[in-house]
Amino acid sequence: MAKVTRNKLLPEDFTDNPEVQSCLMQLKAKFGEKYERLHVSDTLGAKPDENGVELQYVDLVQKGGGVLGIALVGYTYILEEAGIRFFSLAGTSAGAINTAMIASIGKDKSEKKSKKIIEYLSELNFFDMVDGHPVARTIIRWFIKDKDFSKEAKTWVIGLLGSFFALLLLDVLFLGLTHVSIKWSIAARASFVLTGVSLLLIVSIGGYGKYLFTRLKTAGYGINPGNFLLNWIKAKMQDNGINSISDLENRVAAIPPLRQRHPDMETLSTLKANVTFITAELVTQNKVEFPKMWDLFRKKNNGFDIHPAFFVRASMSIPLFFEACVINGIDAENETLQLRWKEVFGIGKEKIPLTAKFVDGGMLSNFPLNIFYNPRITVPRMPSFGIDLDDSLPHIDRGENSHKWELGSFMGKMLNTMRGYYDKDFVLKNKVYERGVGSVKLNEFNWLNFFLTDKDKIAMFVKGAKAATQFLETFDWAEYKRERAKV
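Residues numbered from 1 in each chain as written. Predicted model: local features only at pLDDT ≥ 70, side-chain atom pairs only at ≥ 80, totals over all residues. Heavy atoms only, no water.

Any chance you could explain the overall build of the protein chain here in plain terms?
Counting secondary structure elements, the protein chain contains 15 helices and 12 strands. Here the protein chain holds 487 residues, and 48% of them are scored as buried. Pairs at least 24 residues apart make up 78% of the contacts formed inside the protein chain by residues separated by at least 6 positions. By element, 57% of the accessible surface of the protein chain is carried by carbon and sulfur atoms, the whole surface being about 24800 Å². (Helix = DSSP H or I, 4+ residues; strand = E, 2+ residues; numbered from the N terminus. Buried < 20%, exposed > 50% of the residue type's maximum accessible area, 1.4 Å probe, protein only. Contact = heavy atoms within 4.5 Å. Areas by Shrake-Rupley, 256 points an atom, 1.4 Å probe, with all protein chains shown as cover.)

Below, the structure is given as structure tokens:
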């Protein structure tokens, strides 16, 4: 019988992967067939799921990381299979995408969300997100393959310039030998032609580069408009009945019946669920939390009529790669809006922007673990779980060769220092939150590689699943509560 071939992934390619199934068997061997020995929260569902697994609720924070976000889905899939559900949610960039999907899918927090998200991923051609100029798409496809794509670009530039100067030397050499033989005269002509072609290529690349830079400036310094990403998120949210900001807020705020593990705890009636997408606003230079702060950017006449998918797109506005998200015509004369700006940022009427420009939230807070910190809570009713996407190289740079850093390395380290410090500072002061963080090691992947192979997608998903398994095997809820009480 002929072997049937297919061109697209199926959800089963992820969930039925032998390594993923091994993770589930490993957890069941430790915690029981229905995970009855797994305790990660004191906030429980009023009734078990369809498989008889007791539901436990946690807050969830998901880190940004471009296409590495596939690993987030592998991680949340394992958590859901173990009966863990997500109460409040927060995420940046790629973390914002998975956060939006979890928040939107289903009618109830008690439902599993990851299988539907896997279905969406199976259908998605990631390179469609690279929706800029055809030449820009080609260049991205050429160069952004490996983790350190700057080296490949450098090799091309050096090779092109080196070839040009080598041809110039050959021109001089052959020109001096033309009187010796007709062969040298032919060689000289050929060399001159090749030199002319090389020069024309260099000038063309330079001229086209200038043209692209002009386009880049006009487009708000973004190679890709990001329209495909915005429309894809919007379509998926609408498929699940999310057509407005209020739809999203109402869906997230709807809390299913809950019960307490210990009846003497603080009443569950005070619990309120929310969702947060982190972005950075350039005009006022502030970190913005959507949808909590959406009313700061009301427009004249029509208020704020955008779809909540805009929040996710704003959080995912990778500088230079995607255009910044823009809101024009902010109603700075509105007294209610003026009071709100004063309350949130301490900004007076004269400083309220008329235009807001949003870029990737990872510029300020790529892993916003502080979102669910409440100093009034002594003993937590549920933990804050965080999923860290770690794509750092395995070797440790202790600075011995820092004097040899090239400009790209220097700028990269400077950017990472700035973008990671805000979150790092919070964890240093509140180390208990580290206990709720699981890390997915992804150093062999490039976070901007939007033309991943199916094999790479499955490999990332598996890594997320393994990281979640390791985390659940070591997480100690009792110790978490003791440490949180000390804080």
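Would you mind showing me how to read the environment of Gly 95 here?
Looking at where Gly 95 falls in the secondary structure, it is placed in helix H4 (residues 94–104). Gly 95 gets classed as buried once you look at its relative accessible area, which sits at 0%. Along the backbone, Gly 95 and Phe 277 are 182 residues apart, and their C-alpha atoms lie at a distance of 8.6 Å. Not counting residues within four places of it along the chain, the set of residues in contact with Gly 95 comprises Gln 62, Lys 63, Gly 64 and Leu 72.

I would appreciate a short explanation of the side chain of Ser 317 in the present structure.
By secondary structure assignment, the location of Ser 317 is in the loop between helix H11 (309–315) and strand E8 (320–322). A residue is classified by how much of its surface remains accessible, and Ser 317, at 1% relative accessible area, is buried. A polar contact is formed between the side chain of Ser 317 and the side chain of Arg 313, at a distance of 2.7 Å. Of the polar contacts made by the side chain of Ser 317, one reaches the backbone oxygen of Ala 314; its length is 3.3 Å. Once you skip the residues sitting within four places of it in the chain, Ser 317 turns out to touch Phe 322, Glu 323, Ala 324, Cys 325, Phe 358, Val 359 and Asp 360. (Polar contact = N/O pair within 3.5 Å; in protein donor to acceptor, adjacent residues only side chain to side chain.)

Where do I start with the pairing of strand E10 (residues 356–360) in this structure?
Across a regular strand the side chains alternate sides, sitting on one face of the sheet and then on the other. Most of E10 sits out of view: 4 of its 5 residues are buried. For strand E9 (residues 325–327) and E10, the ladder comprises 3 bridges, and the chain directions are antiparallel. Bridge pairing links Ile 327 to Ala 356 in E10. (Pairing = 2+ DSSP bridges.)

What's the story with helix H2 (residues 18–31) in this structure? I'm lost.
For an α-helix the count is 3.6 residues per turn, leaving residues at separations of three or four pointing the same way. Under the 1.5 Å per step criterion, the end-to-end length of H2 is 20 Å for 14 residues, consistent within 8% with the ideal 20 Å. Along H2, the positions that sit buried rather than exposed are Val 20, Cys 23, Leu 24, Leu 27 and Phe 31. Projected onto a plane normal to the axis of H2, the buried residues spread over an arc of 95 degrees and lie on a single side. Exposed positions of H2 whose direction lies more than 90 degrees from the buried face are Pro 18, Met 25 and Ala 29. The N-terminus of H2 is capped by Asn 17, whose side-chain oxygen sits 2.9 Å from the backbone nitrogen of Glu 19. (Expected span 1.5 Å × (residues − 1). Arc of directions from axis to C-beta.)

Help me out: how do you make sense of helix H10 (residues 245–253) in this one?
Taken together, the buried positions of H10 are occupied by Ile 245, Leu 248 and Val 252. Projected down its long axis, H10 carries its buried residues within an arc of 65 degrees, all on one side. Looking at the packing, one finds that the buried side of H10 touches H4, helix H9 (227–239), strand E6 (275–281) and H11.

Please clarify how the packing of aromatic side chains should be interpreted in this entry.
Given two aromatic rings, their pairing is described by the distance between the two centres and the angle made by the two planes. One pass over the structure, following the stated rule, counts 22 aromatic pairs. Here the aromatic rings of Phe 290 and Phe 311 are separated by 4.5 Å at their centres, their planes lie at 20 degrees, and the arrangement is stacked. Of the two residues, Phe 290 is situated in strand E7 (residues 286–290) and Phe 311 in helix H11; the sequence distance between them amounts to 21 residues. We classify Phe 290 as buried; its relative accessible area is 0%. Looking at Phe 311, the relative accessible area reads 0%, which means it is buried. Seen in terms of ring centroids, Phe 297 and Phe 358 are 5.1 Å apart; in terms of plane orientation they differ by 80 degrees. Their pairing is edge-to-face. One end of the pair, Phe 297, is in the loop between E7 and H11; the other, Phe 358, is in strand E10, with 61 residues separating them in the sequence. (Phe/Tyr/Trp six-rings, centres within 6.5 Å; stacked < 30°, edge-to-face > 60°.)

Explain the pattern of salt bridges to me, please; I cannot follow it from the model alone.
Side chains bearing opposite charge may pair, as long as their charged atoms lie close to each other. Using the criterion set out here, one finds 21 salt bridges in the structure. We note a salt bridge from Lys 63 to Asp 388, for which the minimum N-O separation is 2.8 Å. Here Lys 63, found in the loop between strand E2 (56–62) and helix H3 (70–81), pairs with Asp 388, found in strand E11 (residues 384–390); they are 325 residues apart in sequence, far enough to count as distant. Judged by its relative accessible area of 18%, Lys 63 is buried. The exposure class assigned to Asp 388 is buried, which follows from its relative accessible area of 15%. (Salt bridge = Lys/Arg side-chain N within 4 Å of Asp/Glu carboxyl O.)

Where do I start with the packing of H3 against helix H5 (residues 114–123) in this structure?
A packed helix pair is summarised by two numbers, namely the angle formed by the two axes and the spacing between the axes. Axis separation between H3 and H5 bottoms out at 9 Å; the angle between their running directions is 155 degrees. One element, H3, and the other, H5, form an angle in the roughly antiparallel class. Considering the relative orientation of H3 and H5, their crossing is left-handed. Taken together, the residues of H5 that come into contact with H3 (itself represented by Ile 70, Val 73, Thr 76, Tyr 77, Glu 80 and Glu 81) are Ser 114, Lys 115, Ile 117, Ile 118 and Leu 121. Of the residues belonging to the contact of H3 with H5, the class tally is 6 nonpolar, 2 polar and 3 charged. (Axes fitted to C-alpha atoms, helices over the stretch in contact; angles between N-to-C directions. Parallel < 35°, antiparallel > 145°, perpendicular 65-115°, else oblique. Left-handed = near helix turned anticlockwise from the far one by under 90°. Nonpolar A, V, L, I, M, F, W, Y, C, P; charged D, E, K, R; others polar.)

Explain unusual backbone geometry to me, please; I cannot follow it from the model alone.
Keep in mind that most residues, glycine aside, have a negative phi and that most peptide bonds are trans. The omega torsion of the bond from Phe 290 to Pro 291 falls at 0 degrees, within 30 degrees of zero and hence cis. Looking at the element boundaries, Pro 291 is found in the loop between E7 and H11.

Hey, could you run me through the environment of Glu 444 in this one?
Here Glu 444 shows up in the loop between strand E12 (437–441) and helix H14 (454–474). A distance of 3.3 Å separates a polar atom in the side chain of Glu 444 from a polar atom in the side chain of Lys 463.

Where do I start with the side chain of Asp 390 in this structure?
Mapped onto the fold, Asp 390 is located in strand E11. Those residues in contact with Asp 390 that lie beyond four places of it in its chain are Ser 439, Val 440, Lys 441, Leu 442 and Asn 443.

Sorry if this is basic, but what is going on with the confidence of the model for the protein chain here?
As a note on interpretation, predicted positions should not be read in detail where pLDDT is low. Here the protein chain shows a mean pLDDT of 85. Residues at 70 or above account for 81%. Scored below 50 in pLDDT, residues 1–6 makes 1 contact in the model with residues more than four places away or belonging to other chains. (pLDDT = per-residue confidence, 0-100.)

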